[in-house]
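# Coordinate analysis (summary)
As a plain string of letters, each chain reads:
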Amino acid sequence: MSEPSTETPRRSWRESLSVYLHPRVASMAFLGFSAGIPYMLVFSTLSAWLNEAGVAKASIGFFSWIGITYSIKFFWAPVVDRVRLPLLGALLGRRRSWMLLAQVGIAGGLVGMAMTDPSDSLMQMALLALLVAFSSATQDVSIDAWRIEAVSVERQAAMSATYVFSYRMAVLVASAGALHMVSFVTWPGTYIVMALLMGIGMITVLLSSEPEVERHSDAASLEQRAQDYLARSAHVPRPIRHAVAWLIGAVVCPFVDFIQRYGAQAVLLLLIVGAFRITDISMASMAMPFYLDIGFTRGEIANITSIYGALMTVVGGLAGGILVPRFGLLRILAAGAILAAATNLLYSATALVGPELWMLVITISGENFCGGLAMAALIAWMSSLVSSRYTATQYALFSSLMTLPGKVIGGFSGIVVEQYGFFWFFIYAGLLGVPAIVLIFWLMHRNRTRSI
């Protein structure tokens, strides 16, 4: 079986810029905002509310476990992929119906949290926050599936850049905006306002169209195995037979489909997914201690790394959305991998220069711009790898694999800093990006060899 191409055709600058005018790219902005609203409302913003309500620090710490929901969303991604919701599914289609249901769950959970006093009903608050997180993770799965199916590969970088921009704007609204709002409308009122903002996503879902996806014959052939299992297992109780058949079709078939489509190259592709973000994730936990230890004030850190840094990430993502159709997906992916690794050297330079604001601005400009560009390319590339039959399941697995190695390696970052200091730590973090660069160039070489 021939391997699908992971490269995109080159476009003119005019065509590359016009990608942001596509109606579904515009819709992505509002869906990204809807995805960003609930995240902070079950994390740092909620922690601030609980702290002001007098909840014990230990109890507030336990609330962080709610975040695990976002890391394990691939467990129920097959349900989003395969189960057609009654009534809503017929009215809106598979992707939009799941998005709307998730948004209703988020809004309902936020309203419930607004009506709960955490000092008296902490368990109820925790359950409602879990509902919001679960619905939010489900919305992420369905939005990712809609994004991948809604436009062609060359528009995926623009879709991801638009998503990142609007998501970050929503995060600012749900964090800094919410904290300012509390002074005027109290915590319950703030959460009611945030619930109302979910209406932006709901309206977008209702006004958008369902992607038209062609079912591949290979996927149908794979799922015939589930039907064959049912035919061979008449002696097994009916509920068990149908549960096993569903698991074969929903969980096993997406893995088999990926391996069959890419063959031996599947291992290389998965290695790139796992290696690409090791360099930035492994250094992330040491960034804040570095800023403080070197002598920057909290205000300087907040203004430059958070506000200005978010802006540069968005600009980098938008640049990636333009450059991918202009130069091709794999070329920008390779450039992003190189830049993401190289910008760690700016931190090493900052360690030598000391707490100079101009140096911090240069460092954050380079790191966040290049990080935004790299992420736009990575998301577009991963989107190009999934099958239209298993969009949600395969992409959820990719997104989990994308962060796992970096988080594991990042756990040892403090040991490296204690042993060698920040200067050498950031050089080490940069070197962690070399395997991803090598793997991408290997993939490009393999693709060129096949085209000759």
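One can find the structure itself at the top, above this paragraph.
In this report, we go over the structure that sits alongside the text. (Residues numbered from 1 in each chain as written. Predicted model: local features only at pLDDT ≥ 70, side-chain atom pairs only at ≥ 80, totals over all residues. Heavy atoms only, no water.)

### So, the nonpolar core
Ranked by internal contacts, the top residues of the largest apolar core, which has 61 residues, are Leu46, Leu110, Met113 and Tyr191. Elements supplying a minimum of two residues to this core: helix 2 (23-41), helix 3 (44-52), helix 6 (77-82), helix 8 (94-114), helix 9 (122-150), helix 10 (156-197), helix 11 (199-207) and helix 20 (391-410). Looking at this core, the element that brings in the most residues is helix 10, giving 13 residues. (Core = buried A, V, L, I, M, F, W, Y, C linked by side-chain atoms within 4.5 Å. Buried < 20%, exposed > 50% of the residue type's maximum accessible area, 1.4 Å probe, protein only. Helix = DSSP H or I, 4+ residues; strand = E, 2+ residues; numbered from the N terminus.)

### Some thoughts on the environment of Tyr428
Tracing the backbone through its elements, the reader meets Tyr428 in helix 21 (residues 413-431). Separated by 87 residues in sequence, Tyr428 and Ala341 have C-alpha atoms that sit 9.8 Å apart. Apart from the residues within four sequence positions on either side, Tyr428 is in contact with Ile409 and Val416. (Contact = heavy atoms within 4.5 Å.)

### Quick word on the side chain of Ser166
When you line up the elements, Ser166 lands in helix 10. Excluding its chain neighbours within four sequence positions, the residues that come into contact with Ser166 are Met28, Ala29, Gly32 and Phe33.

### Structural notes on unusual backbone geometry
The backbone of Leu87 shows a phi angle near 65°, a positive value even though the residue is not glycine. Within the secondary structure, Leu87 is located in the loop between helix 6 and helix 7 (88-92). Although it is not a glycine, Thr186 adopts a positive phi angle of roughly 65°. Its location among the elements puts Thr186 in helix 10. For Thr186, a relative accessible area of 46% gives the class partly exposed.

### Things to note about the pattern of salt bridges
According to the stated counting rule, one finds 6 salt bridges in the structure shown. In this structure, the salt-bridge partner of Arg95 is Glu149, at a minimum N-O distance of 2.8 Å. Of this pair, Arg95 sits in helix 8 while Glu149 sits in helix 9; the two residues are 54 residues apart in sequence, bridging distant segments of the chain. Across the pair, exposure class does not vary: Arg95 and Glu149 are buried alike. Here Asp144 makes a salt bridge to Arg147, at a shortest N to O gap of 3.5 Å. Here the residue Asp144 and the residue Arg147 both occupy positions in helix 9, the gap between them amounting to 3 residues, near one helical turn. Among the ionic contacts, a cluster of salt bridges with common partners joins Asp81, Arg95 and Glu149. (Salt bridge = Lys/Arg side-chain N within 4 Å of Asp/Glu carboxyl O.)

### Looking at the packing of aromatic side chains
Summed over the entire model, instances satisfying the criterion amount to 19 aromatic pairs. Considering the side-chain rings of Phe290 and Tyr291, the 6.1 Å spacing of their centres and the 55° angle between planes classify their relative orientation as tilted. Per residue, the accessibility class of Phe290 equals that of Tyr291, and both read buried. A connected cluster of aromatic rings, assembled from ring pairs, spans Phe290, Tyr291, Tyr347, Phe422, Phe425, Phe426 and Tyr428. The ring of Tyr395 carries Arg147 above its face, with NZ or CZ at 5.0 Å from the centroid. (Phe/Tyr/Trp six-rings, centres within 6.5 Å; stacked < 30°, edge-to-face > 60°. Lys NZ or Arg CZ within 6 Å of the ring centre and 35° of its normal.)

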